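What the coordinates show
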Amino acid sequence: MNIVVCVKHVPDAQSDRTFNESDSTTDREGVDGLLSELDEYAVEAALKLVEEGEGEVTVLTIGPAQAADAVKKALQMGADKGVHVSDEAIHGSDAVATSLVLAEAIRKIGSPDLVLTGMASTDGTMGVVPAMLAERLGVPQVTYASELTVSDGTATIRRDGDTASETIVATLPALVSVTDQINEPRYPSFKGIMAAKKKPVETWSLADLGVDASQVGLDAAWTKVESFTKRPPRQQGQIVTDEGDGGTRLAEFLSAQKFI
Amino acid sequence: MAEVLVLVDHSNGTVRKTTSELLTLARRLGEPSAVFVGEAGEYAAAAEALGRYGAQKVYRVESPDVTGHLVAPQAEVLAQLVEKASPAAVLVPSSTAGKEIAARLAIKTGSGLVTDAVDVQAGEGGGVSTTQSVFAGSYTVTATVTHGTPIVTVKPNSVTPEEAPGAAADEVVDVTISEAAKGARITESKPKEASGRPELTEAAIVVSGGRGTAGDFSPVEAFADSLGAAVGASRAAVDAGWYPHTSQVGQTGKQVSPQLYVACGISGAIQHRAGMQTSKTIVAVNKDEEAPIFELVDFGVVGDLFTVLPQATEAVNAAKG
Ligand SMILES: Cc1cc2nc3c(=O)[nH]c(=O)nc-3n(C[C@H](O)[C@H](O)[C@H](O)COP(=O)(O)OP(=O)(O)OC[C@H]3O[C@@H](n4cnc5c(N)ncnc54)[C@H](O)[C@@H]3O)c2cc1C
Ligand SMILES: Nc1ncnc2c1ncn2[C@@H]1O[C@H](COP(=O)(O)O)[C@@H](O)[C@H]1O
């Protein structure tokens, strides 16, 4: 079984994230980046499936030069090869354009049995790329999997919904997004780190994919950011230390604020 | 006036509050038309509520092809209606399914998509202007859709629903669902036990417990019940198996924005904040005065939740009389 895992390189959530003043896009240069933690679960899920059977795991990322680090981390975890789509024109792309480029790259990799993604990126957290990608590839989509098994040409997942726990079955090829409940991602071993150095990574431009530069980037976006304002940091309110009356004082606060 | 399509969120025909919120917002942009997708017979329960919040028209789709197959068929339904009605906008609830339906619809119709809007207004030169809260609530962004039909998913609690009678004239629509859209089937659905408390994302008040509960959520639940609140949990509490995953608040759980959020025994990690930082009023009870959650609070008690919460619960119950 051949699996493509889409992974994203994101600004570290622990650092101060911001926008570029000039064009209102997410600042990806001024901050440290890493493989989106939520995509590690997708890499782990792919490795498990291939270890159980056979096949190959290809990791795919779109992003600036630094995004190669995300591919490297996934290769160290055990993926077989990497594809990095990088092109000046991609800067500022929205989910619509990202899904277009991912779809074309997946076609070029060669129709996989399974495309795996994280549930959302830790920077954008729109969580819409998987659905858009499935729409573009014309394959069934099963998202937010907290369990995943594959056999006889079907993927079966369990999803933990608000009102019910559902079992969903999709015929392959399919796209599956996984949650952070599905597994415990492995740390790269020393052997894995050494082996990753010899694994093939291809870097593709838009031209390699036959995607026209006018279809991506900020100018091609179908939405436009008009303004962004930093929220004033929340003013710290009143902090009291419990001296036997903490609960009463809490109730008094709630009452003064008309919550009771 | 142009129609504005609103995808109805309901359970067995009982319309959720998010739908009345969307209908209220839709009236700012045009004439609300509700899109009701359900099993045969469910519509009867929904009709009155849709009319009460201003739906002029209701498109009814009752087909097992749609209900048994996750999101893809619903996106096809909306795409066919967009084609037919050329609406000024399509509003969809910002649930996980809602966002995916909207995402597929955007690709199908070549339209710009804004997710997780907290406000929607008619744009100055026509169109639609949206407001979002991004990067764990640290920035407010306004945006417009520049291509196709504006598709916007709106977070719960973004607006107070206002009644305005609408005709709610229903029109049964026959849709054709492609085989491709039926590729994912729900084969089993085990209903969860209802807690009897308000739904987490819709609740006006949320009381959450974390690792500090040490597995005993009873003081958190008792306090929540005194306030008529929903109960949430941190990931640490969920991972320990103390509370169901569907109650998790945060980046990989629910994003809540209630009037009041009470964090009990929760340190306030960035991933937790991402799910609650836009709450109007924030209160915390934590033993550790250095806990980062205190940076956010309007009111904080440094103390043991096992003594503070029962005392507060008693005072609240007494105040209610
Ligand atoms: C990819 C990723 C996604 C994540 N997503 C989420 C998410 O969606 N939601 C989420 O919550 N977390 C999430 N996390 C985890 C997050 O980083 C924290 O680990 C988690 O929020 C900690 O939970 P906690 O505050 O309950 O526990 P802790 O950080 O251990 O804090 C417990 C607090 O309880 C206090 N305490 C202890 N005893 C008492 C007592 N008797 N009375 C009062 N106070 C007491 C302590 O002082 C402490 O501040 C995610 C992490 C990652 C890596
Ligand atoms: N630039 C990208 N490169 C590769 N995969 C991506 C990219 N952006 C998003 N994805 C995938 O889509 C998922 C959801 O992303 P999002 O819709 O942006 O929240 C991520 O977990 C990734 O698997």
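Here's what I pulled together on the structure shown here. (Residues numbered from 1 in each chain as written. Chains lettered and ligands numbered in written order. Predicted model: local features only at pLDDT ≥ 70, side-chain atom pairs only at ≥ 80, totals over all residues. Heavy atoms only, no water.)

**Things to note about the interface of chain B and chain A**
Each partner contributes to the interface: chain B provides 85 residues, whereas chain A provides 75 residues. Buried surface at the junction of chain B and chain A, summed over both partners, amounts to about 6800 Å²; 56% is from carbon and sulfur atoms. Considering only the surface of chain B that becomes buried against chain A, Phe135(B), Tyr139(B) and Phe299(B) emerge as the three largest contributors, covering 11% of it. Of the charged contacts in the structure, one is a salt bridge between Arg104(B) and Glu135(A), with a shortest N-O distance of 2.8 Å. (Contact = heavy atoms within 4.5 Å. Buried area = accessible area lost by both parts, 1.4 Å probe. Salt bridge = Lys/Arg side-chain N within 4 Å of Asp/Glu carboxyl O.)

**Some details on the packing of aromatic side chains**
This structure, assessed with the given rule, holds four aromatic pairs over all chains. For the ring pair Phe228(A) and Tyr139(B), a centre distance of 6.2 Å and an interplane angle of 55° mean the geometry is tilted. Residue Phe228(A) is found in strand 13 (residues 223-230), and its partner Tyr139(B) is found in strand 9 (residues 139-145); the two belong to separate chains. Taken individually, Phe228(A) and Tyr139(B) each receive the classification buried, so the pair is uniform in this respect. Here Phe36(B) and Tyr43(B) contribute two aromatic rings whose centre-to-centre distance is 5.3 Å and whose plane-to-plane angle is 70°, an arrangement assigned as edge-to-face. Of the two residues, Phe36(B) and Tyr43(B), neither departs from the other in class, the shared state being buried. For Lys108(A), the ring lying beneath its charged end belongs to Trp204(A), and the centroid distance is 5.0 Å. (Phe/Tyr/Trp six-rings, centres within 6.5 Å; stacked < 30°, edge-to-face > 60°. Helix = DSSP H or I, 4+ residues; strand = E, 2+ residues; numbered from the N terminus. Buried < 20%, exposed > 50% of the residue type's maximum accessible area, 1.4 Å probe, protein only. Lys NZ or Arg CZ within 6 Å of the ring centre and 35° of its normal.)

**What about the sheet that holds strand 5 (residues 57-62) of chain B?**
Pairing is mixed across the open sheet formed by 10 strands, whose spatial order is 13(A)-9(B)-8(B)-7(B)-10(B)-6(B)-1(B)-4(B)-5(B)-11(B). A single partner strand is all that each edge strand has here, and the edge strands are strand 13 of chain A together with strand 11 (169-172) of chain B. Strand-to-strand, the axes of this sheet are offset by a mean angle of 35°, without reference to chain direction. Examined bridge by bridge, strand 6 (residues 89-93) of chain B and strand 10 (residues 151-154) of chain B share four bridges and lie parallel to one another. Residue Pro93(B) lies in a different strand from strand 10 of chain B, and its bridge partner there is Val154(B). Strands in contact with helix 4 (residues 72-85) of chain B are strand 1 (3-7), strand 4 (31-38), strand 5, strand 6 and strand 11 of chain B; relative to strand 1 of chain B, the strand with the most contacts, it is inclined by about 170°. On top of the sheet, helix 5 (residues 96-109) of chain B reaches strand 1, strand 6, strand 7 (113-122) and strand 10 of chain B; it is set at about 175° to strand 10 of chain B, its chief contact. (Pairing = 2+ DSSP bridges. Axes fitted to C-alpha atoms, helices over the stretch in contact; angles between N-to-C directions.)

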